[in-house]
Amino acid sequence: MLHPFRPEQLSSDVRPSESDVQSVLLSAEQVQERVAELGAQISRDYEGKDPVLVGVLVGAAVFTADLLRHITVPCSLDFVAISSYGKESRSSGVVRILKDLDESVESRHVVIVEDIVDTGLTLNYLLDIMRHRNVASVRVCAMLDKPSRRLTSVDVDYIGFEVPDEFVVGYGLDFAQRYRNLPYVGILRPEVYGGK
């Protein structure tokens, strides 16, 4: 359900970029509550397994940090940077690794942490990489899932929220490297990114 954007609901120190937000899709409170639930679920599922969380930079950095604080089992943290967007509002479908893992994940239980899954192309590419590295298991935790945009079938094991086919920003998600610092998930005004 979309909530009209009302800056007075946020703080008196409104960020200039918030005027580019058409509406708040998920409040900061909703986001934090769901992250805590996901952390508890992952903790139950990985009891005794010492998983490796692999955050996908840059978008999932905020989500990964918050999720990590809610996981109660021993775990490791690493990051990859993969790009298929550049400065575009839609995935190009061309995937590039910008930063690889620092440690080996062979025989480890891996949880890939994504900000959003839409076409599934980037995630499918990353899942293939992990499987070729002989991981013990690999699962996906995504803050947002946009199934209406799927171009390839991928399984997302832990989903924060399913979202409509809108351009969303905030809580780590960006457009041209802006809006990542918003504490909520909002819908960007189409005129900002050249949409209709």
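In what follows, the structure referred to is the one given above.
Chains are numbered independently. Their residues run from 1 in the order of the written sequence. Side-chain atom pairs in this predicted model are given and counted only at pLDDT of 80 or more, local residue features only at pLDDT of at least 70, and totals for whole chains, interfaces and linings cover all residues. The side-chain values count all of the structure's non-hydrogen atoms but skip hydrogen atoms and water molecules.

A. Structural context of the pattern of salt bridges. The term salt bridge refers to a pairing of a side-chain nitrogen on Lys or Arg with a carboxyl oxygen on Asp or Glu at a separation within 4 Å. Enumeration according to the criterion identifies twelve salt bridges in this entry. Here aspartate 145 ties to arginine 150 by a salt bridge, and the two come within 2.6 Å at their closest N and O atoms. Overlapping salt bridges, with partners in common, bring together Asp78, Lys99 and Asp102 in one network.

B. Spotlight on the sheet that holds strand β5 (residues 96–99). As summarised here, the arrangement of the six strands in space is β5-β4-β3-β6-β7-β8, forming an open sheet in which the pairing is mixed. At either margin of the open sheet sits one strand with a lone partner, and together these are β5 and β8 (158–162). Each strand axis lies, on average, 25 degrees off the axis of its neighbour in the sheet, ignoring direction. For two strands to pair, DSSP has to find at least two bridges joining them. Labels follow the DSSP assignment, with helices taken as runs of H or I lasting at least four residues and strands as runs of E lasting at least two, numbered in each case from the N terminus. Pairing geometry for strand β4 (residues 76–83) and β5, over three bridges, is antiparallel. Bridge pairing in β5 links serine 83 to arginine 96. Set on the sheet, helix α2 (residues 61–69) makes contact with β3 (52–57), β4, β6 (109–117) and β7 (137–145); between it and β3 the angle comes to about 155 degrees. Orientation is described by lines fitted to C-alpha atoms, with helices fitted over the stretch in contact, and by angles between N-to-C directions that extend from 0 to 180 degrees. In this description, contact between two residues means that some pair of their heavy atoms is separated by no more than 4.5 Å.

C. Fine view of unusual backbone geometry. A cis amide bond links leucine 57 to the next residue, valine 58, at an omega of 0 degrees. Residue placement: valine 58 occurs in the loop between β3 and α2. A positive phi is found at aspartate 50, a non-glycine position, where the angle reads about 50 degrees. Relative to the elements of secondary structure, aspartate 50 occurs in the loop between α1 (28–45) and β3. The backbone of alanine 176 shows a phi angle near 50 degrees, a positive value even though the residue is not glycine. Tracing the backbone through its elements, the reader meets alanine 176 in the loop between β9 (168–169) and β10 (185–188).

D. How the structure looks around helix α3 (residues 121–132). If you check α3, its first and last C-alpha atoms are 17 Å apart, about what twelve residues at 1.5 Å a residue would give, namely 16 Å. Relative accessibility thresholds used throughout: buried, under 20% of the residue-type maximum; exposed, over 50%; partly exposed, between the two (1.4 Å probe, protein chains only). Along α3, the residues that are buried comprise Thr122, Leu123, Leu126, Leu127, Ile129 and Met130. In an axial view of α3, the angular spread of the buried residues amounts to 160 degrees, which keeps them on one side of the axis. In this structure, the buried residues of α3 make contact with β3, β4, β5, β6 and β7. Immediately beyond the C-terminal end of α3, within one or two residues, lies asparagine 134, with a positive phi of roughly 60 degrees. Between the first and last residue of a helix there are one fewer steps than residues, each counted as 1.5 Å, and that sum is the expected span. It is the directions from the helix axis to the C-beta atoms whose arc is reported.

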